[in-house]
Amino acid sequence: MATLYTQVDSNIRKTWILISFFLIFIIVLGWFFSYLLENRVVLWIAVFFSILMSFSSYWYSDKIVCLLTQAKPIEKKDNPELYRIVENLAITAGLPLPKIYILNEAQPNAFATGRDPKHAVIAVTRGLLEKLERTELEGVISHELAHIGNRDILLSSVIVVLVGIVSIISDYFLRISLWSGRRNRESRGSILFFLGILAAILAPIGATLIRLVISRKREFLADASGALLTRYPEGLARALEKISADITPLRVANNATSHLYISNPFRGKQSKNWLTKLFMTHPPIDERITALRELEI
C-alpha cells in the first residue's frame, strides 16, 4: 500500500527537471529568434525572463495560484469547524497546519498548493462547505493533505506558472512573426512568420502535455492516503459522488489551474471517449470511487 510520503523524492526530482527544461527551452528559443532577428537583445531578454519566471514559480507559486483562483485566507474565528477539521487531520498526518483559504464559488471543489508542507495552502469552495457532510468534508481535506505530504503541491503549483508563461511566450512570438512577416518578405522573415504560426497552433497542446507531467496516479495515491488518515474511505467516496454530480460552473476555472482541483472544474465537458481520457488530468471519478470502496482498512 502506498503511503503518504511515497512520492516525495520523485516529485521533487520531477519539479527540478521541469524547471531546468523550462530554462533551457526559453533560452534556446531566445537564441533562435535573436539569430533570425539579428538582435542579441532578444537572447538576453529570454535569459533574464526564464530565470525570473523559474525563480518565481518556485518561491511564489502559492501566491500566484491563490491570486488566479481569487481564494481568500480565513482565520479560525471565520470558520471554527473547518479550521478544527484541518488542524486535527494535519496532526494525524504529521504535517504542519496549512493556511486555509476559501473561494466564493458555489461549485463544490478544493485544491492544495505551496512549495512544501511548511508553506502549504488548502483552499475549499463555499459550495463544498455548504453541500458536504462532515465525514465527506474530512475525506476531501485528507485527500488534499495527502497531496501536501507527498509534495504533489510543489509540482502542481510550478506547472501552473510555467504553463501560463508558455502560453504568453507563444502569443508574443506570434505577434513578432506577424510583424516580421509584414515587414520582411525575404526568406528569414518568412521562416520567422511560419514558426510563430506553428508555435501558436502547438501552444495549447504543449500546455496540456506539461500538465500531464503530473501523473494521474497521484490522484489515486492521494485518495488512498487520505482514506488511511480518516480510516473511512466511504466519506471521500461519497464526497466525490456529490462533487462530480454537481453541474454548477466554477467561474475562476482555467486550463492552467484545472489540474489542481480534486475534481475537474469544467462541468459538462468531460467526454468519455478514449482520446479525451488520454489527455485528462484527472482519472474518471467512477474509477476513483471504485478504488476507494475496494480499500481494506
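Before any of the text, the structure's been laid out above.
The sections below set out a description of the structure shown in this document. Fair warning: this is a prediction, and the values are worked out from it, not measured in the lab.

Quick look at the overall build of the protein chain now. Secondary structure assignment for the protein chain yields twelve helices and four strands. Sorting the 297 residues of the protein chain into buried and exposed places 51% on the buried side. Counting contacts in the protein chain only where the partners sit at least 6 residues apart, residues at least 24 apart contribute 71% of the total. Of the roughly 14800 Å² of accessible surface on the protein chain, a fraction of 62% belongs to carbon and sulfur atoms.

We now examine the sheet that holds strand β2 (residues 99–103). What the four strands build is an open sheet, ordered β1-β2-β4-β3; its pairing is mixed. Edge positions in the sheet fall to β1 (72–73) and β3 (110–114), since each of these pairs with one other strand and no more. Two elements, β3 and strand β4 (residues 120–125), share five bridges in a ladder whose sense is antiparallel. Pairing of A110 across the sheet is with V124, part of β4. Packing against the sheet, helix α6 (residues 134–149) makes contact with β3 and β4, and its axis sits at approximately 150° to β4.

Moving on, we come to the pairing of β4. Within β4, six of the six residues are buried, leaving the element largely enclosed by the surrounding structure. A two-sided burial pattern is seen for β4, the buried positions comprising A120, I122 and V124 on one face and V121, A123 and T125 on the other. Alignment of β2 against β4, held across five bridges, turns out to be parallel. Paired with I102 across the bridge in β4 is V124.

Core analysis: the largest hydrophobic core is formed by 35 residues, its most contacted members being L82, V124, L128, V140, I141, L145 and I148. Apart from residues lying up to four places away in sequence, L82 is in contact with I74, I100, I102, V124, L129, L137 and I141. Counting residues in hydrophobic clusters, the runner-up holds 15 residues, among them C66, Y101, A123 and A253.

A few words on helix α10 (residues 233–245). If you check α10, its first and last C-alpha atoms are 19 Å apart, about what 13 residues at 1.5 Å a residue would give, namely 18 Å. Taken together, the buried positions of α10 are P233, G235, L236, A237, A239, L240 and I243. Buried residues belonging to α10 abut α5 (126–131), α6, α9 (217–230) and α12 (285–293).

If you trace the backbone, S157 turns up in helix α7 (residues 152–183). Since its relative accessible area comes to 0%, S157 is described here as buried. When the C-alpha atoms of S157 and G114 are compared, they prove to be 6.6 Å apart, with 43 residues separating the residues in sequence. Discounting residues that sit within four places of it in the chain, S157 has contacts with S61, T113, G114 and L260.

Turning next to the packing of α9 against α12. Interaxial distance between α9 and α12 falls to 10 Å at its minimum, and their mutual angle equals 35°. Every pair of crossing elements has a handedness; the one defined by α9 and α12 is right-handed. Two secondary-structure elements touch here, α9 through E219, F220, D223 and A227 and α12 through E287, R288, A291 and L292. Across the contact of α9 with α12, the residue classes tally to four nonpolar, no polar and four charged.

On to α12, then. Where α12 is concerned, the buried positions are I285, R288, I289 and L292. One side of α12 carries all its buried residues, which in axial view fall inside an arc of 100°. Next to the buried residues of α12 lie α6, α9 and α10.

What follows covers the packing of aromatic side chains. By convention here, two paired aromatic rings are described through the distance between centres and the angle between planes. Counted under the stated rule, the structure contains one aromatic pair. Note on F111 and Y261: the rings are 5.3 Å apart at their centroids and 80° apart in plane angle, and the pair reads as edge-to-face. Remark: Y261 occurs in the loop between α10 and α11 (274–278) and F111 occurs in strand β3; sequence separation between them is 150 residues. The burial state of F111 is the same as that of Y261; both residues are buried.

With their axes 7 Å apart at the nearest point, α6 and α9 run at an angle of 120° to one another. As summarised for this structure, α6 and α9 are arranged oblique, according to the angle between their axes. Pair α6 / α9 crosses with right-handed handedness. From α6, E138, G139, S142, H143, L145, A146 and H147 reach across to α9, where they touch R218, E219, A222, D223, S225, G226, A227, L229 and T230.

Here the focus is unusual backbone geometry. The phi dihedral of R151 falls on the positive side, at around 65°, and the residue is not glycine. Residue classification places R151 among the partly exposed positions, given a relative accessible area of 22%. For R231, which is not a glycine, the phi torsion comes out positive at approximately 60°. On the accessibility criterion, R231 (53% relative accessible area) is exposed.

About the thresholds
Counting starts from 1 at the beginning of each chain's written sequence and moves along it residue by residue. Totals for whole chains, interfaces and linings use all residues, but because this is a predicted model, local features are given only for residues with pLDDT of at least 70 and pairs of side-chain atoms are given and counted only at 80 or more. Only hydrogens and water are set aside when side-chain values are computed; all heavy atoms of the structure are taken into account. Starting at the N terminus, helices and strands are each numbered in turn, a helix being any DSSP run of H or I of at least four residues and a strand any DSSP run of E of at least two. When a residue's accessible area, from a 1.4 Å probe over protein chains only, is under 20% of the maximum for its type it is buried; when over 50% it is exposed; and in between it is partly exposed. When checking whether two residues touch, look at their non-hydrogen atoms; a contact exists if any pair is within 4.5 Å. Surface exposure here means Shrake-Rupley accessible area, sampled with a 1.4 Å probe, where a residue is shielded only by the protein chains that are shown. The pairing criterion is simple: DSSP has to find at least two bridges between the two strands. Note on geometry: axes are lines fitted to C-alpha atoms, helical ones only across the stretch in contact, with angles between N-to-C directions running from 0 to 180 degrees. We define the nonpolar core as a collection of buried residues of types Ala, Val, Leu, Ile, Met, Phe, Trp, Tyr and Cys that are connected through side-chain atoms lying within 4.5 Å of one another. A helix is expected to reach a length of 1.5 Å times the quantity of its residues less one. Two helices cross in a left-handed way if the nearer one is turned anticlockwise from the farther one by less than a right angle. They cross in a right-handed way if the turn is clockwise. Charged residues are taken to be Asp, Glu, Lys and Arg, nonpolar residues to be Ala, Val, Leu, Ile, Met, Phe, Trp, Tyr, Cys and Pro, and polar residues to be all remaining types, Gly included. In this context, the arc is that of the directions from the helix axis out to the C-beta atoms. Between rings of Phe, Tyr and Trp, where Trp is taken as its six-membered ring, a pair exists when centres lie within 6.5 Å; planes separated by under 30 degrees are stacked, by over 60 edge-to-face, and by other angles tilted. Roughly parallel here means an angle under 35 degrees, roughly antiparallel means over 145, roughly perpendicular means 65 to 115, and every remaining angle is called oblique.

Distances and angles like these do not, on their own, reveal function.
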